[in-house]
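Inside the fold
One-letter residues, chain by chain:
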Amino acid sequence: MATRSFLFLLGSSRADGNTETLARLAAEQLPADAGQRWLHLRDLPLPDFEDLRHADGGHLPPTGHAATLLEATLAATDVVIASPLYWYSVSTSTKRYLDHWSGWLRLPGVDFKQRMAGKTLWGVTALADSDPAVAEPLAGTLRISGQYLGMRWGGVLLGNGSKPGDVLSDTAALTRAKTFFS
């Protein structure tokens, strides 16, 4: 089996938040030969997605941060979306990244859908609610987006926390993190 390469896309609006903490704890359990690349979406801002599929010229090859994110996405065997639960879904920066998948699907020569097929999509999120069912819209967004591209669904790791560090008190989430990527 080829060595796995994990892309961790951090969608929080703050550094070192609960979602990132939980993702890093889970990543500590990965085999030593598994590659890890961590990108903060707030440091790689994307413009709002503009649907150009019916316009003359269509979608142009990405440049800047979009090119970086496309390259990193295609290079990974496993894509981990680490987004806090914001209004029952993914964060704005995460949603904007996913929106850009629509344009990448239509780039000549990129074969985005074919190259994403077979990769595994994972989710990690921290929520401030004690009811995990409130994270279903986030999980559904990721699961169905991956399914459309023929990706495997690895699941979503949920942790509870509001202020930075709160997730470290969620012993059930810390236990799940130890086996999440296995």
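What counts, and where the lines are drawn
Residues numbered from 1 in each chain as written. Predicted model: local features only at pLDDT ≥ 70, side-chain atom pairs only at ≥ 80, totals over all residues. Heavy atoms only, no water. Helix = DSSP H or I, 4+ residues; strand = E, 2+ residues; numbered from the N terminus. Expected span 1.5 Å × (residues − 1). Buried < 20%, exposed > 50% of the residue type's maximum accessible area, 1.4 Å probe, protein only. Pairing = 2+ DSSP bridges. Right-handed = clockwise from strand over helix to strand, strands pointing away. Salt bridge = Lys/Arg side-chain N within 4 Å of Asp/Glu carboxyl O.

1. Observations regarding helix H2 (residues 64-75)
Over its 12 residues, H2 extends 17 Å from the first C-alpha to the last, a length consistent with the 16 Å expected when each residue adds 1.5 Å. Residues of H2 that are buried include every one of Ala66, Leu69, Leu70, Ala72, Thr73 and Leu74, and no others.

2. Brief notes about the pairing of strand E4 (residues 120-127)
For E4, a buried count of eight out of eight residues is recorded, marking the element as mostly surrounded by other parts of the structure. The alternating pattern of E4 places Thr120, Trp122, Val124 and Ala126 and Leu121, Gly123, Thr125 and Leu127 on opposite faces, both of which are buried. With five bridges connecting them, strand E3 (residues 78-82) and E4 associate as parallel partners. Directly across from Val80, in E4, lies its bridge partner Trp122. Summarising the sheet, E4 and strand E5 (residues 152-160) pair through eight bridges and their orientation is parallel. Directly across from Val124, in E5, lies its bridge partner Leu157. In this fold, the crossover linking E4 to E5 by way of helix H5 (residues 136-148) has right-handed handedness.

3. Quick notes on the pattern of salt bridges
Taken as a whole, this structure holds six salt bridges when the rule is applied. Linking Glu71 and Arg37 is a salt bridge whose minimum nitrogen-to-oxygen distance equals 2.9 Å. Here Arg37 lies in strand E2 (residues 35-40) and Glu71 lies in helix H2, a separation of 34 residues in the sequence. Owing to a relative accessible area of 41%, Glu71 belongs among the partly exposed residues under this scheme. The partner of Asp99 in a salt bridge is Lys95, and the shortest N-O contact between them spans 2.4 Å. Taken as a pair, Asp99 and Lys95 lie in helix H3 (residues 92-104) at a separation of four residues, close to a single helical turn.

These values are about where atoms sit, not about what they do.
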